[in-house]
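Residue-level structural notes
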Protein chains: 2
Amino acid sequence: MQNKEIELLIPELRPEAGLRLQKLLPIMQEQGLDAVLLASSANVFYMAGRFFRGYVYVNSDGQRIFFLIRPNCFLTDGKEVIAIRKPELIPDALAELGISMPKNLGLELDALSFSDIERLKRIFPDAAIGNASSVMRDCRMTKTPYELRLMREDGEHQMAAYRKITRLYKRNMTDVEFQIEIERVLRLEGNLGFLRTSGNLMEINLGSVISGDNADSPSPYDFAMGGAGVSPALPCGANGEIMKPGQTVMIDMNGCFNGWQTDMTRVWTIGDVEELARDAHECSRRILRELEKMAVPGVEVRELFDRANSIVEEEGLEQYFMGHRQQAAFIGHGVGIELNESPAITPRCKVLLKENMTLAIEPKFVIPGVGAVGVENTYVVTPSGLENLTPFPEELTDLL
Amino acid sequence: MQNKEIELLIPELRPEAGLRLQKLLPIMQEQGLDAVLLASSANVFYMAGRFFRGYVYVNSDGQRIFFLIRPNCFLTDGKEVIAIRKPELIPDALAELGISMPKNLGLELDALSFSDIERLKRIFPDAAIGNASSVMRDCRMTKTPYELRLMREDGEHQMAAYRKITRLYKRNMTDVEFQIEIERVLRLEGNLGFLRTSGNLMEINLGSVISGDNADSPSPYDFAMGGAGVSPALPCGANGEIMKPGQTVMIDMNGCFNGWQTDMTRVWTIGDVEELARDAHECSRRILRELEKMAVPGVEVRELFDRANSIVEEEGLEQYFMGHRQQAAFIGHGVGIELNESPAITPRCKVLLKENMTLAIEPKFVIPGVGAVGVENTYVVTPSGLENLTPFPEELTDLL
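What comes next concerns the included structure. (Residues numbered from 1 in each chain as written. Chains lettered and ligands numbered in written order. Predicted model: local features only at pLDDT ≥ 70, side-chain atom pairs only at ≥ 80, totals over all residues. Heavy atoms only, no water.)

**Topic: helix α8 (residues 175–188) of chain B**
Residue and element names in this part refer to chain B. Definition in use: Note on conventions: DSSP H or I runs of at least 4 residues are helices, E runs of at least 2 residues are strands, and numbering of each starts at the N terminus. The span one expects for a helix is its residue count, reduced by one, times 1.5 Å. For every residue, the accessible area (1.4 Å probe, protein chains only) is compared with the maximum for its type, and the residue is labelled buried under 20%, exposed over 50%, or partly exposed between those bounds.
Its 14 residues place the ends of α8 20 Å apart at the C-alpha level, agreeing with the 20 Å of an ideal helix rising 1.5 Å per residue. The buried fraction of α8 is high, at 11 of 14 residues. Of all the positions in α8, only Asp175, Val176, Phe178, Gln179, Ile180, Glu181, Ile182, Glu183, Val185, Leu186 and Arg187 are classed as buried. One or two residues past the end of α8 sits Gly190, with phi positive at roughly 110 degrees.

**Notes on the packing of helix α1 (residues 14–30) of chain B against helix α5 (residues 132–141) of chain B**
Residue and element names in this part refer to chain B. Which entries qualify depends on this criterion: Between N-to-C directions, angles span 0 to 180 degrees; the directions come from axes that are lines fitted to C-alpha atoms, helices contributing only their stretch in contact. Oblique is the label for any angle not covered by the other classes, which are roughly parallel (under 35 degrees), roughly antiparallel (over 145) and roughly perpendicular (65 to 115). When the near helix sits turned anticlockwise from the far one by under a right angle, the crossing is termed left-handed; a clockwise turn instead gives a right-handed crossing. Here a residue-residue contact requires only that any non-hydrogen atoms of the pair lie within 4.5 Å. Lys, Arg, Asp and Glu make up the charged group, whereas Ala, Val, Leu, Ile, Met, Phe, Trp, Tyr, Cys and Pro make up the nonpolar group; the residues left over, Gly among them, are polar.
α5 packs onto α1 with a crossing angle of 135 degrees between their chain directions and a minimal axis gap of 9 Å. It follows from the interaxial angle that α1 and α5 lie oblique. Read as a crossing pair, α1 and α5 show a hand that is right-handed. Of the residues in α5, those touching α1 at Arg20, Lys23, Leu24, Ile27 and Met28 are Val135, Met136, Asp138, Cys139 and Arg140. Along the lines of polarity and charge, the residues of the contact of α1 with α5 split into six nonpolar, no polar and four charged.

**Brief notes about empty space enclosed by the protein**
Put simply, the rule reads: In this analysis, the protein atoms alone were mapped onto a 1 Å grid. Cavities are point sets where a 1.4 Å probe fits without being able to get out; pockets are open sets with protein on both sides within 12 Å along at least five of seven lines; lining residues have an atom within 4 Å of a point. Grid points are joined across faces, edges and corners, and a volume is the space filled by probe spheres set on the points.
Evaluated as defined, the whole model comprises three cavities of 30 Å³ or more. Considered as a void within the structure, the largest cavity measures approximately 140 Å³ in volume. Considering the residues around the largest cavity, the lining is formed by 19 residues, among which B:Pro218, B:Ala224, B:Met225, B:Gly226 and B:Gln326 are closest to the centre. Among the residues making up the lining of the largest cavity, the classes are represented as nine nonpolar, seven polar and three charged. Of the voids in this model, the second largest cavity is the one considered here, and its volume is about 120 Å³. If you trace the second largest cavity, you find 18 residues lining it, with A:Ala224, A:Met225, A:Gly226, A:Gly323 and A:Gln326 closest to the centre. Its residues placed into classes, the lining of the second largest cavity shows eight nonpolar, seven polar and three charged.

Set out below in structure tokens:
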């Protein structure tokens, strides 16, 4: 068991490693790459089942080498797992294995820094460089049965923690105090207290609890909802104010328990809230029910956005949809190892739904003076529509 | 108060903004840049006092423009704060303000992705491109009095939370359960539940609690100590095992309360621990006392490393220093907006200490069968040595 620390090389998981490789190879071919060299934590974790310091090299012949930088982290076998001190030693190591240099090499142009990419380019001076980020986004967009099992587990854990939320509330609590107690039950349920995101615009702590007009505070980040936060260093989410009767409390907390994650939002109320808010919440649920039926393989992602939008228009709720002062231009996103995976459910997204894609769909509304309402579930696309990985009661629940 | 949301443009903070600019300009000149364009969250936050979506442009004449991408986030004044839809509109906006195009433009080559940098390069086709990441690292290495005040506040909050740690322990707790209770008191003390790091190798949740031989589990990350973690997705820190008598528990938790942070480690024991561990802990304290005296402006950073190392050798503790199975090659680091700022205290670092640099110094040991020991404090360099921003009792504290 020399490679026991590269999870996907243990015998029970080798078939899973094979499946991921089989998904990757045709996409590499499609995008004209004869090899990819991966170093971002999301993609190393995806290809190895464990994050390590180093690189994963895959070529179009299906050869896959794990290059480990801190060699004493792991045992090596000299065939699939090679210890190197620095990436400059990769070409010699490939030559020793009889693997020819790539002509078209994919590097993670969207995930690694300019400096890191320039260093890697110098190591492969004769290769044309393509974008492995886009290859890996496509590859990871659909999930294997094993990944789906992990995401189902995430959903179970996240729901188990959400079941405890109502009893955590105390009168005159601030949103931050409420969030802290929710963080604790999530962590005790096994939440890693951490999740991976893609891009520069997704900074967050353990999630978002927004109440009242804080839902209407614009945020610079790429989340569906805003919130002012408690610090200009991290201007999003809970703002530290006491949650008041007549307000809603939208809870959209970290669902990462095993490296994958589910993304799930529910709304609680502090006593009675305005009918407009209740109507908008029901509209969100109606949108989800419709999309659950129509989202089958072959449908264009933008059709989901359009359908949601037309339901909102039918109900005359446009001005509250996906924000009020500032409106988000999407109603959901892929989810998996990263919180924001492909596809983004936007008016322009022409990606075709495929079986085993996972989508977080979050039609939300901001009602001035009340707060945010709406439901978010994480789904998997099946031939008969969406299967919900977060089947948790969707009704508004009163905290008083 | 049109610009009230750019914190450093409010009248009380304009002098602070001026100080940061005055620090930046000579470093730009030194590195041959006549402008920098910043987009990373750490540097936008540093230059604006608030994170926003967009860019900060600074040229060698001291002109500074905040370009906001999501315009409805903020009000604009058309002089210092300009709303744009995309970065491609920056050159026209500069022209309208009568600001000439840069000849040598610094971009954050170490922080932004290759794709983001390529996009910005196309916007300034005639500019030679330099590295604004290194400019900003140098600039942020020393702190203004205002920044030091914020870091002192971090220290106060972090110490207030650490004071509660002993009473959080319950017999037969796992390290993860203990960490979760510490996270909660930190968060209730105002911790943001979030911190910024630099580079790809610093993934973590709210900190590190390591006990027993888990301290000796190598980790792929760039932290001083390892730990196996509870998931191959995040292989660092607490591993979920019950903490046992005879073990130490090293606690190195998030100290970010306002966007800046202190970094502080203390060690608790479960009953009596081996003398070797106690000796090594005292050796760490002796190192800190010596470095506190010798670390004055003008000293080379590597001299700190060498002095620590020679004390360790005098005491014959080399094989345990900074890890046992895997040893870290540094004993501390700059700290501020990011957890790992410049300088790194390594054997090769020739940076000269300057007044108002902030350093986290963490001489730590791993004792097989017992766990990690050692103390970490965050310091500011003064003419008479180091001032401790985390003056919290350093002795081993028994949890039983």
